[in-house]
Amino acid sequence: MKNYTITVNGVAYDVTVEEGAGGAPAAAAAPKAAPKAAPKAAPAAAAAPAAGAGAVKVTASVPGKVFKVEASVGQQVNAGDPIVILEAMKMEIPVVAPQGGTVASIDVAVGQAVENGDVLASLN
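Described below are features of the structure shown in this document. From a predicted model like this one, the values you see are computed outputs, not experimental measurements.

From N to C terminus, the protein includes zero helices and eleven strands. Along the protein, helices and strands appear, N-terminal first, in the series β-β-β-β-β-β-β-β-β-β-β. Buried residues in the protein amount to 27% of all 124 residues. In the protein, once contacts between residues fewer than 6 apart in sequence are set aside, the share between residues at least 24 apart is 50%. Roughly 7,700 Å² of accessible area belongs to the protein as shown, and the carbon and sulfur atoms make up 58% of that amount.

Time to look at the pattern of salt bridges. Here the structure, examined in full by the defined rule, presents one salt bridge. One salt bridge connects K68 with E70, and the closest N-O pair in it is separated by 3.4 Å. Note on E70: relative accessible area 34%, which makes it partly exposed.

I83, V84, L86, V114, L120 and L123 are the most contacted members of the largest nonpolar core, which totals 17 residues. Secondary structure elements with two or more residues in this core: β4 (56-59), β7 (82-88) and β11 (119-123). In this structure L123 touches G54, A55, V56, V58, V77, I83, A97, P98, Q99, T102, V103 and A104, once residues within four positions along its chain are discounted.

To continue, consider the sheet that holds strand β10 (residues 113-114). Strand pairing within a sheet occurs via backbone hydrogen bonds; the two strands may be parallel or antiparallel. Ordered by their spatial adjacency, four strands build an open sheet running β8-β7-β5-β10, and the pairing between neighbours is antiparallel. With partners counted over all chains shown, the strands left at the sheet margins are β8 (91-96) and β10, one partner each. Pairing geometry for strand β5 (residues 64-69) and β7, over four bridges, is antiparallel. In the sheet register, V69 faces β7, and the bridge partner there is V84.

Turning our attention to the sheet that holds β4. On the basis of which strands lie adjacent, the open sheet formed by four strands has the order β4-β11-β9-β6 and antiparallel pairing. The open sheet has two edge strands with one neighbour each: β4 and β6 (76-77).

This part takes up the pairing of β7. In terms of residue burial, β7 counts as a mostly covered element, since five of its seven residues are buried. As paired strands, β7 and β8 are joined by six bridges and run antiparallel to one another. Of the residues in β8, the one forming a bridge with L86 is I93. Hairpin remark: β7 followed by β8, antiparallel, with two residues in the connecting loop; positive phi at M89, about 50°.

Relative to the assigned elements, E87 resides in strand β7. Owing to a relative accessible area of 34%, E87 belongs among the partly exposed residues under this scheme. The contacts of E87, once residues within four sequence positions are left out, are G64, K65 and F67.

What counts, and where the lines are drawn
Residues numbered from 1 in each chain as written. Predicted model: local features only at pLDDT ≥ 70, side-chain atom pairs only at ≥ 80, totals over all residues. Heavy atoms only, no water. Helix = DSSP H or I, 4+ residues; strand = E, 2+ residues; numbered from the N terminus. Buried < 20%, exposed > 50% of the residue type's maximum accessible area, 1.4 Å probe, protein only. Contact = heavy atoms within 4.5 Å. Areas by Shrake-Rupley, 256 points an atom, 1.4 Å probe, with all protein chains shown as cover. Salt bridge = Lys/Arg side-chain N within 4 Å of Asp/Glu carboxyl O. Core = buried A, V, L, I, M, F, W, Y, C linked by side-chain atoms within 4.5 Å. Pairing = 2+ DSSP bridges.

Laid out in structure tokens, this is it:
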């Protein structure tokens, strides 16, 4: 049996799959909501007084590494504008602004590892 965590529309599910033998179809267990992991403590460099200063948090949708920071503090962004680019499984995944506003903080640095749900930036 193999355990997987699958995220669908922002909701994480733990799924157990039995491996079939001889071409028999594999049976999948009913998905159950996975407990949300507590965010890791921010590194000292990101713990500046402005960290997390905005009202709207921009969070990582997948675990990975920060590939590029597209926005800067004080920049005006519209909903859907890229804020940070994450690298996960050799793919570049843009993390976009959920709504328009001003970037209040960038809480990560290029090369930093992040987990699902970690705060990457905040908007006002």
